[in-house]
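# Tertiary structure, described
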Amino acid sequence: MTAPDAFARQSALDRLTAHAPFLARLAELNPDDVTRFLADGTDAALADVAPPPVDDDIMRSLRLWRGRMALLLALGDLSGEHDVRATTRLLSDFADRACDAALAAAFAERVPGEEPRGLSVIALGKLGSHELNYSSDIDPILIFDPDTLPRRSRDDPGEAAVRIARRMTEILSARTGDGHVLRVDLRLRPHPEVTPIVLPESAAISYYESEALAWEQAAFIRSRASAGDRALGENFLAAIQPFIWRRSLDFRQLKEIGAMSDRIRDHFAQGQAFGPGFDLKRGRGGIREIEFFAQVHQLIYGGRDPSLRVPATVDALAALAAVGRIEPDAAARLSGHYATLRRIEHRLQMIEDQQTHCLPTQEAALDCVARLDGETDGAALLAMLEPVAAEVGACYDRLVAERAVTTGLPRDDDGLAAQLVTAGFDPPDAALRTIAEWRGGKLRALRSPAALDALETVLPELVRALGAAPDPQATLRRFDKLVAGLPSAVGFFHLLAAQPELAKIATRTLSLAPTLADALGARVELIEGLIDKRAFEAPAAKADLLGEWAAGLAGLDYERLLDRVRDRVGERRFAYGVQLIAGATDPLTIACGYSELAEAALQLLADATVAEFVEAHGRIADSELVVLALGRLGGRALTHASDLDLIYLFTGDHLAESDGPRPLGATTYYNRLAQRVTAAMSVPTAAGKLYDVDTRLRPQGAQGPLVVTLDSFERYQREEAWTWEHMALLRARPVYGSDATKAAVQTVIGDLLAIPRDAEKIATDAAGMRDKIAKHKPAKGALDIKGGPGGLVDLEFAMQVTQLVSGRCHDPNIAAALACLKAAGLAPAAVCDAHGLLARMLVMLRLTAPEGEPPTAAARQLVASQCGEPGWPQLLAAHDAARQEIANWWASIRPGQQEIKP
């Protein structure tokens, strides 16, 4: 090893440790891999990391493998031993192998002894072109051959394929204490709202030959058979080559390509100008513009020139330059810029394994990204990126101008432009273009005469409602995305025409709440639930929800139940969000409602999972599964975006065995059962996503077993647990199990919290943990309600230290615990109001500014009103005062300050 190699590797590790908490945790968990990397380099270390065998613990083994690969590929990237091309290729190869392993496990469970065949994974997007992001989802289409797919004797081929595909997706996507393997998005298949997640090969071929849209043609430029039965996948792709690569393009197709160009650039209107907050993927001069620049040329010329049919963006640019379709210098410069933008995109995603593409808006967070890349600070990073984005943007400008010569702007024969300006669209060009596309039948939902008639009926009212939104252009884009996802717009437009108030609610929601806009785009029928006035009543309790849903869920098989519960929860959660947007309900009341909703879903799905598991493995005598909720669910204060912090326990003898056809020992039994419960709550299905589940608060964290006995849990808490684990226990309550067992568990928790404690040690430990959190997860900005001085994290630390030292007020609900402490003279009088304000802000900001960015001007007034303030300036002043109260309380508790007396 040369001195430069050693320096580069150590520098990579130092930057990773200092600026990427996700990777720092992986480095702590995998010290041998770090040592091997430092001594021998990335490739040597990767050679030691073998794919796991397909065994009973495939969920965990795949996640541990993914963690090791993520760490080493990041080190290779940061040290310069791998360039962007090599890194994305290795990430894609890992994804292929992970899909193969998950599919093999799914086949082994369903049809033991059979080789996986008859089901193929067709990779699209970045996985299809071997350009996968560091923290990306994958966008496959799944196809099967009913003649060769192994199945049980009584299985219908389609049902068997769906079960295997669903289990593969569950193995990859479910978030356990060890994280996830890959996020899987199956929505690129034909008609995802109504089709099963895996399609017969013949049906898929028929669709692409007769019905597919221009964007689907573009998507298949980057496609390959990446896992499963590759021969089946390659046959399918060969059959649809004439759809992908057309020898000639008619005027309609050229017009669609022009419209796609306009849509890419219209995103710039959302404020994606260069600077802090710049979207590296979708902003002007970003990654997508380079990719689309190449793809437009491929679509136009690739039908006649097979040399242009290459999936990777850089390869496509080189191929286009080689045949004279673009200038060689432009190809070289765009390729270099593509590598730069992708590299920084990877840095963003390395920090916390988040699928993000936007530069941070806060100076400290931007500095963190810059230093991870080796820059001095955020300003230097921006200075490096600015000319890159400018040149890419200018190149794309020329492409848009060229396409505009062919496509032009829509005619305005009916005075629509004037109506749009009057409504609030000024200038009206982008809105005119979108409506012209609707009228031209570009969207699948608007291809029938009935749909076009319904559009014309609702259009005047729709234009007024969209124009009345706080940001008409952005609201129109979101509405267009919503309509694009519909199989037919007839019923939706007739509903809006008959219920004009719904149009106003829909446009206000699209404008103010990105989270609800995404939900509505995925399931437009959510809007129908708002016709019922009960949608605006106070949130229902768990028992009422279970009673209300009972009739509609009775008799469903397990797979349908998963979908139906997701439907029910999605409808109710959407209605609660709309209540917040309407200013109709206190955010804290909604937070409690979100919690009751999650508990109802857990009860239903855990019951169903247990019942299905018992069919295969029987029961264990005098034993049952217990689920503890912690964090925000434990405290009955979820936000719209909260995950669920759970601990799984079981009662009875850990040496016992189940009595079913395939008996299991108790520990194995409950660990597998808990994995299934987690998957039932977290895996996306055709009906969408339910909740992320986090089990890392269990004894020994991610390194410990997923489930332990109640006796082991109590013993661990008494003898081994850290102070922070006792602090977390203050928000624990049993939410699943028999009433008697839940009462027994609550007694155990009460006894554990009543143990006398050393006040100085508790305060010192808490202060150390708080400092560690601040270092590894710095506040995202002044409106990071949880982080930063005087935020909700400081409040919880101050409260929990006081609770443990005093032995009093052990209520998992923060508001109730603070009220108790205040009454006992153990908390400052003003801290209850301070908590109420910040808690309301958190609930509202999770809905209106889910990515942590400042809310829009219109959303600010809504947030202020829902927090009891007349305007945004007054809310900020109250926010600062609340933080100061909390900061003072926490400062008085930290070691060396005022002592807390029991």
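Residues numbered from 1 in each chain as written. Predicted model: local features only at pLDDT ≥ 70, side-chain atom pairs only at ≥ 80, totals over all residues. Heavy atoms only, no water.

### Section: the overall build of the protein
What counts is decided by this rule: Per the convention used, a helix needs a DSSP run of H or I reaching at least four residues, while a strand needs a run of E reaching at least two, with both numbered from the N terminus. Both definitions apply: the radius of gyration is a C-alpha atom measure, and the globule rule equals 2.2 Å times residues to the power 0.38. Each residue is assigned to one of three classes by its accessible area relative to the maximum for its type, calculated with a 1.4 Å probe on protein chains only: buried under 20%, partly exposed between the two thresholds, exposed over 50%. Only heavy atoms enter the contact rule, under which two residues are in contact if any of them lie within 4.5 Å. Computed by Shrake-Rupley with a 1.4 Å probe, the accessible areas treat only the displayed protein chains as cover when residues are assessed.
Within the protein one finds 39 helices and 10 strands. Its C-alpha radius of gyration of 28 Å places the protein within 12% of the 29 Å reference for a compact globule of 902 residues. Summarising its shape, the C-alpha atoms of the protein cover approximately 80 × 70 × 65 Å along the three principal directions. Out of the 902 residues in the protein, the part that is buried amounts to 57%. Put simply, 73% of the contacts in the protein that link residues at least 6 apart link residues at least 24 apart. For the protein, the exposed area adds up to about 35,900 Å²; of that, 52% sits on carbon and sulfur atoms.

### So, a negative patch on the surface
Rule in force here: For patch building, the residue pool is restricted to those with more than 30% relative accessible area and no salt bridge; the joining distance is 9 Å between like charges and 5 Å between nonpolar side chains (Val, Leu, Ile, Met, Phe, Trp, Tyr). Put simply, a salt bridge is a Lys or Arg side-chain nitrogen that is within 4 Å of an Asp or Glu carboxyl oxygen. Here Asp and Glu are counted as negative and Lys and Arg as positive; His is not counted, and neither are the chain ends. A charged residue contributes its charge at one atom only: NZ of Lys, CZ of Arg, CG of Asp or CD of Glu.
Together, D156, E159, D557, E612 and E615 give the surface a local cluster of negative charge. With respect to the element layout, E615 can be found in helix α28 (residues 587-617).

### Concerning the confidence of the model for the protein
This is how the line gets drawn: The predictor's confidence in any single residue is recorded as pLDDT, a number from 0 to 100.
Averaged over every residue, the pLDDT of the protein is 88; the share at 70 or more is 94%. Below a pLDDT of 50 lies the segment residues 404-413, which in the model reaches 12 contacts outside its immediate sequence neighbourhood of four places, other chains included. Every residue in residues 897-902 is under pLDDT 50, and counting partners more than four places away or in other chains gives 12 contacts.

### A short note on the state of the cysteines
As a reminder of what qualifies: Our working definition of a disulfide is a cysteine sulfur pair at a distance within 2.5 Å.
All chains considered together, the criterion is met by one disulfide. The residue that forms a disulfide with C809 is C820, at a sulfur-sulfur distance of 2.1 Å. The S-S bond linking C809 to C820 shows a torsion near -70°; that makes this disulfide left-handed. Placement of C809 in the loop between α35 (792-806) and α36 (814-823) and of C820 in helix α36 is noted, with a sequence separation of 11 residues between them. On the accessibility criterion, C820 (34% relative accessible area) is partly exposed. C368 carries a free sulfur, and the closest cysteine sulfur to it, the one in C358, is 16 Å from it. Under the relative-accessibility criterion, C368 is labelled buried at 16%.

### Quick look at the packing of aromatic side chains
The test is simple: Aromatic pairing here means that ring centres of Phe, Tyr or Trp (its six-membered ring) are within 6.5 Å. Orientation follows from the plane angle: under 30 degrees is stacked, over 60 is edge-to-face, and everything else is tilted. By definition, being over a ring means that NZ of Lys or CZ of Arg is both within 6 Å of the ring centre and within 35 degrees of the ring normal.
For the structure on display, the rule yields 17 aromatic pairs. Between the aromatic rings of F650 and Y670, the centroid separation amounts to 4.5 Å while the plane-to-plane angle is 15°, which identifies the pairing as stacked. On the criterion of sequence distance, the pair formed by F650 in strand β7 (residues 644-650) and Y670 in helix α30 (residues 666-682) is long-range, its members being 20 residues apart. Each member of the pair, F650 as well as Y670, is classed as buried. Among the aromatic side chains, those forming a connected cluster through ring pairs are Y207, Y208, F220, F236 and F243. Over the face of the ring belonging to Y691 we find R573, whose NZ or CZ atom lies 4.8 Å from the ring centre.

### Some details on the pairing of β7
Note the cut-off: One bridge is not enough; two strands pair if DSSP finds at least two bridges between them. Handedness rule for crossovers: strands pointing away from the viewer, path from the first strand over the helix to the second running clockwise, crossover right-handed.
Taken across its seven residues, β7 has seven buried, putting it largely inside the fold. Residues of β7 alternate between two faces, with L644, L646, Y648 and F650 on one and D645, I647 and L649 on the opposite face, all of them buried. Pairing of strand β6 (residues 625-630) with β7, which is carried by six bridges, proceeds in the antiparallel orientation. Note that in β7 the partner of L625 across the bridge is F650. The sheet contact formed by β7 and strand β8 (residues 693-694) spans two bridges and is parallel. Among the inter-strand pairings, L644 is bridged to a residue of β8, identified as V693. What joins β7 to β8 is α30, and the crossover it makes is right-handed. Of the pairings in the sheet, the one linking β7 to strand β9 (residues 707-709) comprises three bridges and is parallel in character. Considered in β9, the bridge of F650 is made with T709.

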